[in-house]
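# Structural characterization, general
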Amino acid sequence: MSDLIRPPRGTFDILPEQAPMRRAVVETARATLEDAGYRRIETPAFEVTELFTRTVGEATDIVQKEMYTFNDGKGRSLTLRPEVTAPVMRAYLDHGMHKLPQPVRLWYASSCWRYERAQKGRYRQFWQIGAEAIGSDDPAVDAESIALLAGILSELGVGGLELRIASLGDPAAREAYREVLRDHLRASEGELSDEVRSRLETNPMRAFDSDHEGTREVMKSAPLLADFLGEEDREHFAEVLGLLDAAGIAYEVDPTLVRGLDYYTRTVFEFTSAALGAQSGVGGGGRYDGLAGQIGGPAVPGMGWAAGVERILLAAEERPEPEPVTTLYVATADESPATRRAAFALVCEARRAGITAQMELAGRSLKGQRKQSDRIGARFTAIVEGETIVLEDREDGESWDEESRSAAVASVLRERGLG
Ligand code: HAM
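A short tour of the structure in this document, coming up. (Residues numbered from 1 in each chain as written. Predicted model: local features only at pLDDT ≥ 70, side-chain atom pairs only at ≥ 80, totals over all residues. Heavy atoms only, no water.)

### As for the overall build of the chain
To keep it simple, the criterion reads: The numbering of helices and of strands both runs from the N terminus, where a helix is a DSSP run of H or I of at least 4 residues and a strand a run of E of at least 2. Using C-alpha atoms as the atom set, the radius of gyration is obtained and then compared with a globule rule of 2.2 Å times the number of residues to the power 0.38. Throughout, exposure labels follow a simple rule: accessible area from a 1.4 Å probe, protein chains only, divided by the maximum for the residue type, with under 20% read as buried, over 50% as exposed, and the rest as partly exposed. Here, two residues are considered to be in contact whenever any of their heavy atoms come within 4.5 Å of each other. A positive count includes Lys and Arg, and a negative count includes Asp and Glu. His and the chain ends are not counted in either. Here the site of a charge means NZ on Lys, CZ on Arg, CG on Asp, or CD on Glu.
Check the secondary structure of the chain and you find 14 helices and 16 strands. For a compact globule of 419 residues, the expected C-alpha radius of gyration is about 22 Å, and the chain comes in at 28 Å, more than 25% above that figure. A principal-axis box enclosing the C-alpha atoms of the chain has dimensions of 90 × 55 × 45 Å. Out of the 419 residues in the chain, the part that is buried amounts to 49%. Sequence-distant contacts in the chain: of pairs separated by 6 or more residues, those separated by 24 or more amount to 68%. In the chain, which carries 50 positive and 69 negative side-chain charges, the distance between the mean positions of the two groups comes to 5 Å.

Right, dumping it as C-alpha cells:
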C-alpha cells in the first residue's frame, strides 16, 4: 500500500467512533442557543474572495497567507471560507433580515479552511460552532453572547477555562492609538522581530501577540488602547463588564488582547483552556459594528463568537458514549430467494414499527450469524427460513415460531415494550 493516496496535510477523517462526541458538541450548542432564540444558518463553503479581504482585513495572517483561493471557470476569484461571521452578515443583508425583529440571532456549525502550520489543535480544515446576534449594539447582547459560550463550554466539560476581554473602541480611536503605538515601536525598531518590523505600518497591534523576546520587552512599556477609548465606548465596555459580574462570569480585562481579524469594534474576548497546549484558544469573538458597511450594506451592529469543535474535544473531559443499540438481528437459515425476501420484509417492517434492526449481509453461516447478533448486542434474533420465522429473546431465552411473517414478529416485539 506504499502508493496509497494520503489525505492533505492538516486534514483528518472523522471516523464513526468519533461521530458521537462531535454530535454532542453540536447538539449542546444547538440546545443552548436555540433556547436563547438563535436559529441555525448554513452558508456556502466558498464565497467571493472580496468578502474576506474587505472584512477580515488585508493585513491579517488569514488574508495574507491562509486563504484557499481559486478562480472558477469564468476567472472569478473565490475563497473557501476561513471563518463564518462575514458570510453570515452577507446572508443577513442579502435576505433583508433587517426587516425582522432585531437582533436577529443566528447560529452555525460549519467547516472552515485556513492554510496554517498544522499541529495538534490546529488544522487546515476544522469545524466551528458559532453564534451571531445582528442588529443591536446593546451591551447586554455582548454579555449574553459571552455567557452562552461560557455555558456551552462548561456543559461540555472543557477544563481550565479563562476568559480574557477588552474593548477596541471605534475605528477612529484605534487609528489614533495605532499611530502612537507605531511611534513607540519605531523608537526601538532594532529590538523587534523581523515579522513585527515588517508589519509595523499595516498591523502594529500584532506586536502584542509576538513571542519574540526583544519584542516582548519593547511591548512591556507600550501605550495601551484602553487609554484612547472615547467616552461612549468606555461606558459600553463598563456596562458589558457589569453584566458579566451580575451573571457571575469571571473574566480578566486584558488590554493587550489581539484577535486575528480586523472587523472588530468595541468588545473582543477569548476563552482559553489550560487543558490545551500551544493552541490554547478554545473560542473567541467580539463586536463588529462596521462589518456590514465594509461589504456595501448599511450600518448594522453585530456581536458573536466561534469556537473550534476539535479544540473543545481536546480540552473536554472524556465521557463514555453509549453504544448504539440494535434491537433485532435478522438471520437467514438458507440462501434461497424466498428466505432472503422474507428476511428483507421483516427488517423493513421492524424499522417501520420504530424497532432498530439489521439484516445479515455478509453470507455468514447460521453459527456466524448468531455470533454477529451477539457482537452487536441485539436483544432479539429472528431466524428466517422460507415462510417461517423463529424469534428468540436473549433476555429470557423464550422463542416463538411466527408463521404469519413479519407483522406478527413486529407485534411480539411491540408486546415486549419495543417499537
Ligand atoms: P477565530 O478566533 O479566528 O475567530 O476562530 C474561532 C475559533 O476557531 C478559535 O478559538 C479556535 O478554537 C478555532 N480555530 C481557528 N483556527 C483553527 C485551526 N486552524 N484549527 C482548529 N481550530 C481553529 C473567528 O473565526 C471569528 N469568526 C469569531 C467570531 C464570530 N467573531 C465574531 N463572531
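Having put the structure on the table, let's press on.
### Comments concerning the site of the ligand
This is how it is decided: The cutoff for a nearby residue is simple: one of its non-hydrogen atoms must lie within 4 Å of the molecule or strand. Here a polar contact is taken to be a pair of N or O atoms separated by no more than 3.5 Å, where protein atoms must pair a possible hydrogen donor with a possible acceptor and residues adjacent in sequence count only if both atoms sit in side chains. For this scheme, ten residues count as nonpolar: Ala, Val, Leu, Ile, Met, Phe, Trp, Tyr, Cys and Pro. Four count as charged, namely Asp, Glu, Lys and Arg, and the remainder, Gly too, count as polar.
Near the ligand there are 27 residues, and of these Glu 83, Glu 116, Tyr 123, Tyr 264 and Val 282 occur at the shortest range. Tyr 263 is positioned such that a nitrogen or oxygen atom in its side chain is 3.0 Å from a nitrogen atom of the ligand. One nitrogen or oxygen atom from the side chain of Tyr 264 is found 2.6 Å from a nitrogen atom belonging to the ligand. When contributions to the shell around the ligand are tallied by element, the ones reaching two or more residues are β6 (125-134), β10 (281-287) and β11 (302-308). Here the shell around the ligand is built from residues that sort into ten nonpolar, ten polar and seven charged.

### What to know about the nonpolar core
Which entries qualify depends on this criterion: The set of buried Ala, Val, Leu, Ile, Met, Phe, Trp, Tyr and Cys residues whose side-chain atoms join them within 4.5 Å is what this entry labels a nonpolar core.
Core analysis: the largest hydrophobic core is formed by 48 residues, its most contacted members being Met 89, Leu 181 and Leu 185. For this core, the secondary-structure elements that each account for two or more residues are α2 (50-55), α3 (61-66), α4 (85-94), β5 (104-113), β6, α6 (171-187), α8 (213-220) and α10 (291-294). By residue number, the principal contributor to this core is α4, which donates five residues. Among the nonpolar cores identified, the runner-up in size contains 37 residues, and Val 25, Ala 133, Val 158 and Val 240 belong to it.

### A short note on a negative patch on the surface
Applicable threshold: Put simply, a patch holds well-exposed residues, over 30% relative accessible area, that have no salt bridge, with like charges counted together within 9 Å and Val, Leu, Ile, Met, Phe, Trp or Tyr side chains within 5 Å. Methods summary: accessible areas were calculated by the Shrake-Rupley approach with a probe of 1.4 Å, and residue burial reflects only the protein chains presented. A side-chain nitrogen of Lys or Arg and a carboxyl oxygen of Asp or Glu constitute a salt bridge if their distance falls within 4 Å.
There is a patch of like negative charges on the surface, built from Asp 170, Glu 231, Glu 232 and Glu 235. Residue placement: Glu 235 occurs in helix α9 (residues 231-246). Looking at Glu 235, the relative accessible area reads 49%, which means it is partly exposed.

### A word on the pairing of β11
Operational definition: DSSP bridges decide pairing: two strands pair if at least two such bridges lie between them.
Across the seven residues that make up β11, a large majority, seven, are buried. The alternating pattern of β11 places Gly 302, Gly 304, Ala 306 and Gly 308 on one face and Met 303, Trp 305 and Ala 307 on the opposite face, and all of these are buried. Pairing analysis gives seven bridges linking β6 to β11, with the strands arranged antiparallel. Considered in β11, the bridge of Ala 133 is made with Met 303. The pairing of β10 with β11 spans five bridges and is antiparallel. Bridging from a neighbouring strand, Gly 283 pairs with Ala 307 of β11.

### Some details on the sheet that holds strand β4 (residues 77-80)
To be explicit about the condition: In this analysis an axis means a line fitted to C-alpha atoms, helices contributing only their contacting stretch, and an angle means the value between N-to-C directions, from 0 to 180 degrees.
The strand order across the open sheet formed by three strands is β2-β4-β3, and the pairing between neighbours is antiparallel. Each of the sheet's edge strands pairs with one partner strand only, and the pair in question is β2 (46-48) and β3 (69-71). Strand-to-strand twist across the sheet, computed as the mean angle between neighbouring axes with direction ignored, equals 35 degrees. Two elements, β2 and β4, share three bridges in a ladder whose sense is antiparallel.

### Describing the sheet that holds β5
Spatial ordering of the open sheet is given by β1-β5-β6-β11-β10-β9-β7-β8, a layout of eight strands whose pairing is mixed. Both outer strands of the open sheet, β1 (39-40) and β8 (252-253), are each paired with one neighbouring strand and no more.

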